[in-house]
Structures are given as C-alpha cells and as structure tokens.
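What follows is the residue order along each chain.
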Amino acid sequence: LEANKAAWQKLSNNGSALDAVEAGVRVTESDADNRSVGLGGLPDRDGNVTLDACIMNHESECGAVAYLQDIENPISVARKVMEDTPHVILAGDGALQFALDKGFQKENLLTEKSKAEYVEWLKTAEYKPKVNVELHDTIGMLAIDQNGDISGGCSTSGLGYKMQGRVRDSPIIGAGLFVDNEVGAATATGMGELVLTTLGSFLTVEFMRQGMSPLEACKAAVMRTIEKNKDSYKEMQVGYVALDKYGRYGGYSIQPGFQYTVTYQNHNKVYDAQSYLS
Ligand code: GLY
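No experiment lies behind these values; they were computed from the predicted model shown. (Residues numbered from 1 in each chain as written. Predicted model: local features only at pLDDT ≥ 70, side-chain atom pairs only at ≥ 80, totals over all residues. Heavy atoms only, no water.)

Engineer: Lay out the packing of helix 1 (residues 2-11) against helix 2 (residues 17-29) with the relevant residues and their values.
Structural biologist: At a minimum axis distance of 7 Å, the contact between helix 1 and helix 2 shows a crossing angle of 155°. As the angle between them shows, helix 1 and helix 2 are arranged roughly antiparallel. Judged by the twist between their axes, the crossing of helix 1 over helix 2 is right-handed. Of the residues in helix 2, those touching helix 1 at Glu 2, Ala 3, Ala 6, Ala 7, Lys 10 and Leu 11 are Ala 17, Asp 19, Ala 20, Ala 23, Gly 24, Val 27 and Thr 28. Taken together, the residues of the contact of helix 1 with helix 2 break down into eight nonpolar, two polar and three charged. (Axes fitted to C-alpha atoms, helices over the stretch in contact; angles between N-to-C directions. Helix = DSSP H or I, 4+ residues; strand = E, 2+ residues; numbered from the N terminus. Parallel < 35°, antiparallel > 145°, perpendicular 65-115°, else oblique. Left-handed = near helix turned anticlockwise from the far one by under 90°. Contact = heavy atoms within 4.5 Å. Nonpolar A, V, L, I, M, F, W, Y, C, P; charged D, E, K, R; others polar.)

Engineer: Residues and numbers for the nonpolar core, please.
Structural biologist: In terms of nonpolar packing, the biggest core is built from 42 residues, with Leu 177, Tyr 240 and Ile 254 touching the most fellow members. Excluding its chain neighbours within four sequence positions, the residues that come into contact with Leu 177 are Cys 54, Ile 55, Met 56, Leu 142, Gly 152, Gly 153, Cys 154, Ile 172, Ala 186, Thr 187 and Ser 201. One finds Ala 20, Leu 68, Ala 95 and Ile 139 within the second-largest nonpolar core, a separate group that totals 28 residues. (Core = buried A, V, L, I, M, F, W, Y, C linked by side-chain atoms within 4.5 Å. Buried < 20%, exposed > 50% of the residue type's maximum accessible area, 1.4 Å probe, protein only.)

Engineer: Give a description of the environment of Cys 54 that names residues and reports values.
Structural biologist: For Cys 54, the location among the structural elements is in strand 1 (residues 51-56). Considering only alpha carbons, one finds Cys 54 and Val 81, 27 residues apart in sequence, at a separation of 9.4 Å.

Engineer: Requested: an account of the site of the ligand, with residues and values cited.
Structural biologist: Residues in close proximity to the ligand include Asp 137, Thr 138, Thr 156, Gly 158, Leu 159, Arg 166, Arg 168, Asp 169, Ser 170, Gly 190, Met 191 and Gly 192, which together make up its full environment. Here Asp 137 contributes a side-chain N or O atom positioned 3.1 Å from a nitrogen atom of the ligand. Between Arg 166 and the ligand, the recorded distance is 2.9 Å, taken from a side-chain N or O atom to an oxygen atom. Relative to its unbound accessible area of 200 Å², the ligand is 100% covered by the protein chains. Looking at the shell around the ligand residue by residue, the classes come out as two nonpolar, six polar and four charged. (Near = heavy atom within 4 Å. Polar contact = N/O pair within 3.5 Å; in protein donor to acceptor, adjacent residues only side chain to side chain. Areas by Shrake-Rupley, 256 points an atom, 1.4 Å probe, with all protein chains shown as cover.)

Following this line, the structure appears as structure tokens:
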C-alpha cells in the first residue's frame, strides 16, 4: 500500500510510469521491517545481505543488478544501468563499484532484527524455504501512465539463508519482470528457481498477446510451473501479477495468501489473488 501510494504520487503529477515504479519500489526497499527486500532483508547463510533488482520501460529498455551488497535502493542502481551504460545487468563487485561511482552511499543492510533472526537460524542452519514469508519475497510493481506507456520494476533480497552467490529470477528480464508496451507487463514473486525455468513473466505477457486477460495469463503461467513440477509444487509458492495495455489487471498463485495492491484515482486497495491450492 505504501509503495503504491508513492508510485501514484508520481503518476497523478503527470510523472512517467518509469518514475512511478522506481519511487514505489524504493519505499519497500527502504522499509527496515520488510525481511525480503532491501534494507533489513534476510542474509544468505554466510550473513551477507545480497540484493537483486531490475527495471524495464515502455521502449523495452531494461537494466538490472544482481548480487549487489551495501546499497539500500538497488532499483535506482538498475535504472542507472539502463540509462547510463551499454549493458543490461551488472553483478557483484562491479555493480557495487558502479553504484558508488554514481553517488550511491554504502551502508550496512543487516539490521539488528535480521541479524538476531540469522543468529537464531544458525543454531540449526536448516535450509528450508518457507512458503509465503510475509506473503511475498519480492516487490514487483507495474504501472501505466497518462500516455498509456507501461513500465515495471522488481526488487528482492531473495530467500533467507540461500547459498552465497545465489541469483534468482528478480534481476532476470523475462523471469522476474517483463514489459511489452504493445501488450502489457507481468512480474513474479515466489521461488525464483521455478520462475526461471519457465521465464514466467515473459510467458505471462505472451499469453496476454495471444488474447488472454491478465488473470487468465497469470493462471496459465502458474499452471505451466505446476505441470513442470508435479512432485514439488505443493511445497512451493509462485505468484504473478499482470497489467495489460487497457489497464486491466490480475494475479494468480500456487498457494493461497498471495495479495497484490491496485491503485488509481481515490483507490488503493489490497486484493487476494486466486490460487491453485486452497
Ligand atoms: N523471487 C525471489 C527469489 O526467489 O529470490
């Protein structure tokens, strides 16, 4: 809700969809109480908070950062990668160096609360991804502006206690996020490894291109994941939201509990997505 409020602030002042998604995603990245995005995100099993983010605009330009440390707002670094470099993804030390060159400040993202949870986790050090931690593990945001142009952004600290070096769906264009201004956009949350195996956000947009509504497209993308993971999907969460060129939207997930927020004039409301399991 707070992220969408910030995004709407931009859109309602004639801002672009790109400015809106950047502003919105930054709110969640800077929320120290959120355990799966930006500041306060849970660390990997060696205690490092590592962040992934990507952004894509209506001209199919995109930028991303992967395995970025010590920078609170990776979405803004991703935008700089898109706008100021000839590349799409910068990772690790290179991404950090680029961010510092662009004036971003280095800071410790491991908050006392996250550190305390990590220290507790170390007692068993059992790695078992939890379904629906805080209902999400990622912020994905899609916006359409007064010109009818669509942009999207996506940001995560990923699964808590992952192996060091893990990069997931969120910085991968087509997996965690995809925008095609002629059709619409989609973004993903949940188990990044599963989203990657179907390039789920791209798939969702392609389903819309074939004529499906956003809800139908999200459902079809989730069904693809279920078909490919018959033995394991019951233990996993994957959810998509999609927005089409006409401003229609929808969301669908494997597990119940996936919520998304829709914002327009005088409207900022959380919806329960439909799900395959009940
Ligand atoms: N969807 C984010 C992750 O799997 O890390």
